[in-house]
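# Geometric and topological summary
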Amino acid sequence: MRLTLREVSLGLKRAPLLSVLSVLTIAFSLFAFGLFGLVALNVSEALKHVEERVEIRAFLADGAPIEAVSAAVGDIAAFPEVAHVDIITPEQALARARKEMGEFQDVFDAAVLPASLEIRLKPGYRDPATVREVAERVKTYSFVDDVRYCEEWVQKLYNIRTIAGATGLVLGIAFAGVAIIIIGSTIRMTVLARAREISIMRLVGATDAFVRRPFLVDGFAKGVVGGLLALALAWVAYRLVDQTLGISSAFFKTGSAAVGVLAGGVIGLLGSAMSVGRHLRDV
Amino acid sequence: MIRFSHVTKEYPRSGVALNNASFTVAKGEFAFLTGPSGAGKSTILKLVYMEERPTSGEVRVGGIRSSDVKRREIPKLRRRLGIVFQDFRLLEDRTAEQNIAFALEVTGTARDAIPAKVGRLLTQVGLASKGTSFPRELSGGEQQRVAIARALVNDPVLLIADEPTGNLDERATRGIFQLLRDINASGTAVLMASHNLELVRRSEYRVIEVTRGQIVFDSAERAAAEQPAPPAV
Ligand SMILES: Nc1ncnc2c1ncn2[C@@H]1O[C@H](COP(=O)(O)OP(=O)(O)OP(=O)(O)O)[C@@H](O)[C@H]1O
Ligand SMILES: [Mg+2]
């Protein structure tokens, strides 16, 4: 291990420019990937916000027995798809309507709004099919007069989400692929710069594993450093957008940031393994 | 030690470099490999240290057969061989000592055993005072001595030398050749490719001559052919 570390530091000392270049290349590739990740994260957060408004409203018949209703509320809340259920009394419904339509207050004075149940679904159950299915189930209660939800809106939202998800996945894979290729070729330069040394090592009887080891350590270390740099750049970009546009956007959570940096290390490691492996196969 | 049985080597683009070659080199023997440029000398040596595999036929070196050798067995073979080249192949950014130590480290020698061994090898090749010099600070002959010391780290049973004196003047050539003779005298077989006809002719060693991929002359075979002949009366 000591020998490996010495070889790694020798490599650094001998080709400092190449090392700095590879770290920067890794950093910028991961940065581009990170920016994409940030956009994806914020789009998905925004969609989640909108999606939370998906709700099913069940209007209750006049004079529905209180006990039956509260039992039903318990039942419905226990549906696996349901996040929570609120009872909206006629008074609350009126207050809310007034608030929402301030200037037409008077219209509502006389009106009697029915009591209702407001049902919100858990994330992952907000697709059109599930919404319809839950609505049908709620409709079976005898005291439920009518069930409404905005079918068209649920469908549109679902489409947007599906498209965004698929686009994100494809773009993400493309970005990651490009990052891996760029990083791999940078590391290949490092390997080629030491081709002579590798051939001498092999000549005197070094095993492939021995030849490979310093490159793996080197690749991992460069990947981690590049990852940290990319994270710092992404954070700066995020702050800039936040402040100049005044949007309160989201940044990566500590866990996913750590995973990202570690992914940099793993990409460096795999890139090195592939470059050295290819080189060793060729000679 | 070495046995070539009907070995043919064909390179993908340049065609046949070695054609149906058969010969053996015994333990402790010294043999020259001569012939014009492009004859296939380096190819034979590469087949010996298994940098190349024969297209057909079989190469055996110290019990390892080219026909069934696995990639991970090759380092083991290399550790029993010493290899030197015309261009020395030293690492320019390491001193003579470090170049020799490198070969010991690479093959997993215990750290504390390395300095003493390096010192002994430097003395053996006559460079005891040049251990801390970098290759660029050494003459060609001295660089080749470092390379030979490096080749000796694992006490090889066979030393392979591809034109080891090709870049050296006459004096240095004689010095290196003498060193190789000494090494051979202590029991290591030597297989040396050389252009230097004078050197080859003057020595008493076996000569194998290659031309256009074929062994056209082998002094050992001639001796064997002559021996059974009845003495003239
Ligand atoms: N790696 C290779 N790929 C393709 N062809 C090769 C390769 N190595 C050697 N050859 C060809 O094989 C033939 C023999 O080459 P080799 O190097 O064995 O000759 P040599 O006897 O060592 O010559 P020299 O005295 O000039 O060193 C040449 O025609 C050469 O072009
Ligand atoms: Mg040659």
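Above: the structure in question.
Please read these numbers as outputs of a predicted model, since none were measured by experiment.

What counts, and where the lines are drawn
Every residue gets a number counted from 1 within its own chain, in the order that chain's sequence is written. In the order they appear in the text, chains get letters beginning with A and ligands get numbers beginning with 1. The predicted origin of the model limits local features to residues at a pLDDT of at least 70 and limits the giving and counting of side-chain atom pairs to 80 or more, whereas totals for whole chains, interfaces and linings rest on all residues. Only hydrogens and water are removed before side-chain values are computed, so all heavy atoms of the structure are retained for them. The rule is simple: put a 1 Å grid over the protein atoms alone, call a set of points where a 1.4 Å probe fits but cannot get out a cavity, call an open set with protein on both sides within 12 Å along at least five of seven lines a pocket, and count a residue as lining if it has an atom within 4 Å of a point. Grid points are joined across faces, edges and corners, and a volume is the space filled by probe spheres set on the points. Numbering goes from the N terminus for both helices and strands, where a helix is a DSSP run of H or I of at least four residues and a strand is a run of E of at least two. Residues are sorted three ways: Asp, Glu, Lys and Arg are charged, Ala, Val, Leu, Ile, Met, Phe, Trp, Tyr, Cys and Pro are nonpolar, and all the rest, Gly among them, are polar. Residues are classed as near a molecule or strand on a simple rule: at least one heavy atom within 4 Å of it. For the purposes of these results, a polar contact is taken to be a pair of N or O atoms within 3.5 Å, where, inside protein, one atom must be able to donate a hydrogen and its partner to accept one; residues adjacent in sequence count only when each atom of the pair is a side-chain atom. Only the protein chains shown count as cover for residues, and the accessible areas themselves come from Shrake-Rupley with a 1.4 Å probe. Each axis is a line fitted through C-alpha atoms, taken for helices only over the stretch in contact, and angles between the N-to-C directions span 0 to 180 degrees. When an angle is under 35 degrees it counts as roughly parallel; over 145 it counts as roughly antiparallel; between 65 and 115 it counts as roughly perpendicular; any other value is oblique. When the near helix sits turned anticlockwise from the far one by under a right angle, the crossing is termed left-handed; a clockwise turn instead gives a right-handed crossing. Any two residues whose heavy atoms approach within 4.5 Å are treated as being in contact.

## Some details on empty space enclosed by the protein
Per the counting criterion, the structure on display carries three cavities of 30 Å³ or more. Taken together, L203(A), V204(A), R78(B), L81(B), G82(B), I83(B), A103(B), R150(B), A151(B), V153(B) and N154(B) make up the full set of residues lining the largest cavity. Of all elements in the fold, only β6 (81-85) and α5 (140-151) of chain B reach the threshold of two or more residues within the lining of the largest cavity. At three residues, the largest contribution of residues to the lining of the largest cavity is made by β6(B). For the lining of the largest cavity, the class distribution of residues is seven nonpolar, two polar and two charged.

## Quick look at the site of ligand 1
Residue and element names in this part refer to chain B. In the vicinity of ligand 1, 13 residues are found, and the nearest of them are S14, S37, K41, S42 and T43. Interatomic distance of 2.9 Å between a backbone N/O atom of G40 and an oxygen atom of ligand 1. Contact distances for ligand 1 include 2.7 Å between an oxygen atom and a side-chain N or O atom of S42. Bound to the protein, ligand 1 loses 64% of the 630 Å² it would expose on its own. The element that contributes the greatest number of residues to the shell around ligand 1 is helix α1 (residues 41-48), accounting for three residues.

## Examining the packing of helix α8 (residues 195-203) of chain A against helix α9 (residues 208-245) of chain A
Residue and element names in this part refer to chain A. Contact geometry for α8 and α9: axes closest at 9 Å, N-to-C directions at 150 degrees. The pairing of α8 with α9 is recorded here as roughly antiparallel in orientation. Judged by the sense of rotation from one axis to the other, the crossing of α8 with α9 is right-handed. Where α8 abuts α9, its residues I198, M201 and R202 lie against D208, F210, V211 and F215. Across the contact of α8 with α9, the residue classes break down as five nonpolar, no polar and two charged.

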